[in-house]
Amino acid sequence: MESLELIVVVAVGVLATGRLSRRTGLSEPLLLLGAGCLVGLTPSFASFTLSPEVVLFLFLPALLYWEALTSSVREIRSNFRSIALQSTGLVLATAVAVAAVAHAWGYGWPIAFVLGAVLAPTDAAAVAAVAKAMPRRILTVLRTESLLNDGTALVLLAVTIEVVTDEQPFSWSGTALALVESYAGGILIGAAVALLLIPVRRRLPEPLLHSVLSVATPFLAYLPAELLHVSGVLAVVTCGLVTTRFGPRVIGSDARIQAVAFWEVASHLLNSALFILVGMQLPGAVGALTSVSLVRATVAAVAVCVAVIGTRLLWFYSVPYLVRLLDRRSQQRERRITAPQRLPLAWAGMRGAISLAAALTVPAVSAEGHAVGQRDAVVFITTVVIVVTLAFLGPTLPTVVRRAGFPEDDGEAAEVGLARRHMSSAALAALPGLARRFGVPEADTLRMVQDIEERTVPAPGSARRRESVRRLELALLRIKRDTLTDLRDADRIDDIVLRTVQEVLDAQEVRLRRP
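Overview of the structure. (Residues numbered from 1 in each chain as written. Predicted model: local features only at pLDDT ≥ 70, side-chain atom pairs only at ≥ 80, totals over all residues. Heavy atoms only, no water.)

## Regarding the overall build of the chain
Link 1 in the chain: What the chain contains, in helices and strands, is 22 helices and zero strands.
Link 2 in the chain: Against the globule reference of 24 Å for 515 residues, the chain gives a C-alpha radius of gyration of 25 Å, in line with a compact fold.
Link 3 in the chain: With the principal axes as the frame, the chain shows a C-alpha extent of 85 × 60 × 45 Å.
Link 4 in the chain: When each of the 515 residues of the chain is scored for burial, the buried share is 53%.
Link 5 in the chain: At a minimum sequence separation of 6, the contacts of the chain that also span at least 24 residues come to 82%.
Link 6 in the chain: Of the accessible surface of the chain, which amounts to about 23,400 Å², a share of 64% is contributed by carbon and sulfur atoms.
Link 7 in the chain: Averaged over its 49 positive side-chain charges, the chain has a centre that lies 7 Å from the centre of its 42 negative ones. (Helix = DSSP H or I, 4+ residues; strand = E, 2+ residues; numbered from the N terminus. Rg over C-alpha atoms; globule rule 2.2 N^0.38 Å. Buried < 20%, exposed > 50% of the residue type's maximum accessible area, 1.4 Å probe, protein only. Contact = heavy atoms within 4.5 Å. Areas by Shrake-Rupley, 256 points an atom, 1.4 Å probe, with all protein chains shown as cover. Lys, Arg positive; Asp, Glu negative; His and termini not counted. Charge placed at Lys NZ, Arg CZ, Asp CG, Glu CD.)

The structure is reproduced here in structure tokens:
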């Protein structure tokens, strides 16, 4: 009964805060967090504790997979160096900075490093919710960083927890080896799962089964990775990126429309529910604090917030300039951004449910049966940092983006135009031969030539549309789709543009196939 009540409360909270956010312009993640806090204060949910397994094994794979599916592989490849540095180097730098601050406030080094690992990764849901107005390149870097840094942080957390629980001593070489094994294993498993599912997708007869497989895919990648103790995060992200490359050629329009509609609703609901569930933990985190006074823990939490935000600011205004000194190639100089344009990247350091779930995984007792000291403080400080970053960084990020002075990003529109011109040319070249093949009268062929040249959607016609014309239009759509995918494979357009144009082609194909 309590589970049903929770589902109803979360659903109502998502609807109410979504409506309020659109009417007032207030940050939706912040409203969701506040709504969750109010729910957590009620007697019915005062004892509710968010299970870390639910976040890490249910929410995380699904959200990561959808983010990967909607990313641009070309932009990731072009900005791989920056993404790799941020998802590894920045994570480690943040963990060290947080650990140093926590140790200065009286926390032992082992538990301080646990706190550092917990707070090192940014939150993909929070970043995606508030960073939509950024240029395509900047947004891709931020989204991919938030996808990959979870993997680095979770490996670092596992190592530090082993030290805290006296299972094994800390070793820099051992930690580095664990990171390499985790990354390599996750990438291999994710790619293998995606490639193994390609022939399965080709043979599925119904769109509904395609949607079922789409829902199951992130868990099919995450589970074996976790069982083999490698990065499930990297497995899911890699699986999603590989699927993005092969999907247009193996997934039909009906299945794609259905799957996209499901994932858009599911990802929004999961993201929103996570913010509410995190908010519900706030009263409990305060009530469970016993190892240190509330005042001292709050002051330590504020100091850690400064370390989290300050480390990210320092990173973006130091490391890129050091890289510039080492890489003087002309193509790299052309990609440089100004100091004001770098600020949105540094400002997008929101923490979220992944950090809280990581904090809750810290065991209460060591391997020898001793209580793990200051675990309650780790949960409390983590909760405060999540609230502060969401409340401070999130609502102000749109203003920071506007003042950054980004040039107008017209690259996507230009690529959409390029794709449409090439599809029209390919269709016009193939039209005479296909018209003769399907026995389409010359008048209908000339009308279709005009429609293609004017880039208009063919008129639906009467209910008794001749089968030959319908088959011809479907054949032309296949040619357009192949041309679109070839442009993407040649890096002349990216995956975001492909999906934009593909939506139009899918809608036309579904209409033509409708009896």
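## Observations regarding the environment of I111
Link 1 in the chain: Take I111: it is sitting in helix α6 (residues 109-119).
Link 2 in the chain: I111 gets classed as buried once you look at its relative accessible area, which sits at 7%.
Link 3 in the chain: In this structure, the C-alpha to C-alpha distance between I111 and L179, residues 68 residues apart in sequence, is 20 Å.

## Comments concerning the side chain of T244
Link 1 in the chain: Here T244 lies in helix α11 (residues 232-250).
Link 2 in the chain: With a relative accessible area of 8%, T244 lands in the buried category.
Link 3 in the chain: With residues up to four places along the chain from it excluded, the contact list for T244 reads A68, L69, S71, V73, R488, D495 and R499.

## A closer look at the packing of aromatic side chains
Aromatic ring pairs: the centre-centre distance and the angle between the two ring planes describe each pair.
Link 1 in the chain: Using the criterion set out here, one finds six aromatic pairs in the structure.
Link 2 in the chain: Summarising the aromatic geometry, the rings of W66 and W263 are spaced 6.3 Å apart at their centres and angled 5° between planes, so their arrangement reads as stacked. One end of the pair, W66, is in helix α3 (residues 52-69); the other, W263, is in helix α12 (residues 253-287), and 197 residues separate them in sequence.
Link 3 in the chain: For W66, a relative accessible area of 14% corresponds to the buried category.
Link 4 in the chain: Three or more aromatic residues link up through ring pairs in this structure, and these residues are Y65, W66, F262 and W263.
Link 5 in the chain: Directly above the ring of Y321 sits R342, whose terminal nitrogen or CZ lies 5.3 Å from the centroid. (Phe/Tyr/Trp six-rings, centres within 6.5 Å; stacked < 30°, edge-to-face > 60°. Lys NZ or Arg CZ within 6 Å of the ring centre and 35° of its normal.)

## Examining helix α5 (residues 80-104)
Link 1 in the chain: Between its first and last C-alpha, α5 extends 35 Å over 25 residues, near the 36 Å set by a 1.5 Å rise per residue.
Link 2 in the chain: In α5, a bend of some 30° at Q86 exceeds every other bend along the element.
Link 3 in the chain: Within α5, the full set of buried residues consists of I83, Q86, S87, L90, V91, T94, A95, V98, A99 and A102.
Link 4 in the chain: Looking at the buried positions of α5, the neighbouring elements they touch are α4 (73-78), α6, α8 (136-164), α9 (172-203) and α13 (294-316). (Expected span 1.5 Å × (residues − 1). Bend = angle between axes of the 7 residues up to and from the residue.)

## What to know about the nonpolar core
Nonpolar side chains tend to gather and get buried jointly when the protein is soluble and globular.
Link 1 in the chain: One finds Y107, L115, L119, V237, V304, M350 and I381 to be the most contacted residues of the largest nonpolar core, which totals 122 residues.
Link 2 in the chain: With 13 residues, helix α18 (residues 375-403) is the single largest residue contributor to this core.
Link 3 in the chain: Aside from chain neighbours lying at most four places away, what touches V304 is V98, V101, L115, L119, I381 and V385.
Link 4 in the chain: Of all hydrophobic cores here, the second largest spans 14 residues; its members include A419, L477, V497 and L498. (Core = buried A, V, L, I, M, F, W, Y, C linked by side-chain atoms within 4.5 Å.)

## Topic: the packing of α5 against α8
Link 1 in the chain: The interhelical angle for the contact between α5 and α8, taken along N-to-C directions, is 45°, at an axis separation of 8 Å. Between α5 and α8, the angle falls in the class oblique. The way α5 lies across α8 gives a crossing that is right-handed. Contacts between α5 and α8 pair I83, Q86, S87, T88, L90, V91, L92 and A95 from the former with V141, T144, E145, L148, N149, T152, A153 and L156 from the latter. (Axes fitted to C-alpha atoms, helices over the stretch in contact; angles between N-to-C directions. Parallel < 35°, antiparallel > 145°, perpendicular 65-115°, else oblique. Left-handed = near helix turned anticlockwise from the far one by under 90°.)

## Quick word on unusual backbone geometry
Link 1 in the chain: For H229, which is not a glycine, the phi torsion comes out positive at approximately 60°.
Link 2 in the chain: Residue position: H229 is located in the loop between α10 (207-227) and α11.
Link 3 in the chain: Of the residues examined, H229 reaches a relative accessible area of 70% and is grouped as exposed.
Link 4 in the chain: Phi angles above zero are rare outside glycine, and D491 is one such case at about 65°.
Link 5 in the chain: Its place among the elements puts D491 in the loop between α21 (467-489) and α22 (495-513).
Link 6 in the chain: By relative accessible area, D491 is classed as partly exposed at 31%.

## Thoughts on α9
Link 1 in the chain: Its 32 residues place the ends of α9 48 Å apart at the C-alpha level, agreeing with the 46 Å of an ideal helix rising 1.5 Å per residue.
Link 2 in the chain: Largest kink in α9: about 30°, centred on L197, with the proline P199 one to four residues after it.

## Quick look at the layout of surface pockets
Link 1 in the chain: As a volume, the second largest pocket reaches approximately 880 Å³.
Link 2 in the chain: Taken together, 31 residues form the lining of the second largest pocket, with L154, V155, A158, E226 and H229 sitting closest to its centre.
Link 3 in the chain: Mapped by element, the contributors of at least two residues to the lining of the second largest pocket are α3, α8, α9, α10, α11 and α17 (353-360).
Link 4 in the chain: A total of nine residues in the lining of the second largest pocket trace back to one element, the largest contributor, which is α8. (1 Å grid on protein atoms, 1.4 Å probe; cavity = no way out; pocket = protein on both sides within 12 Å on 5 of 7 lines; lining within 4 Å. Points joined across faces, edges and corners; volume = space filled by probe spheres on them.)

## Things to note about the pattern of salt bridges
Side chains that carry opposite charge are capable of pairing whenever their charged atoms lie near each other.
Link 1 in the chain: By the definition in use, this model includes 17 salt bridges.
Link 2 in the chain: Salt-bridge contacts for R249 lead to D486; the nearest nitrogen and oxygen are separated by 2.8 Å. Of the two residues, R249 is situated in helix α11 and D486 in helix α21; the sequence distance between them amounts to 237 residues.
Link 3 in the chain: The partly exposed category is assigned to D486, whose relative accessible area is 42%.
Link 4 in the chain: A salt bridge links R256 to D506, with the nearest nitrogen and oxygen atoms 2.8 Å apart. (Salt bridge = Lys/Arg side-chain N within 4 Å of Asp/Glu carboxyl O.)

## Quick word on empty space enclosed by the protein
Link 1 in the chain: Scanning all chains against the criterion turns up three cavities of 30 Å³ or more.
Link 2 in the chain: Counted as a void, the largest cavity has a volume near 120 Å³.
Link 3 in the chain: The wall of the largest cavity is formed by 15 residues, among which L60, L63, A124, A125 and N271 lie closest to the centre.
Link 4 in the chain: Looking at the lining of the largest cavity, the elements with two or more residues in it are α3, α7 (124-130), α12 and α17.
Link 5 in the chain: Ranked by the residues each element gives to the lining of the largest cavity, the list is headed by α3, at six residues.
Link 6 in the chain: Tallied by class, the residues present in the lining of the largest cavity amount to 10 nonpolar, two polar and three charged.
Link 7 in the chain: In this structure, the second largest cavity spans a volume of roughly 40 Å³.
Link 8 in the chain: Taken together, Q86, L90, V91, T94, A120, T122, E145, N149, R312 and R351 make up the full set of residues lining the second largest cavity.
Link 9 in the chain: When residues of the lining of the second largest cavity are traced back to their parent elements, those giving at least two are α5 and α8.
Link 10 in the chain: Per element, the largest residue contribution to the lining of the second largest cavity is four residues, and it comes from α5.
Link 11 in the chain: Tallied by class, the residues present in the lining of the second largest cavity amount to three nonpolar, four polar and three charged. (Nonpolar A, V, L, I, M, F, W, Y, C, P; charged D, E, K, R; others polar.)

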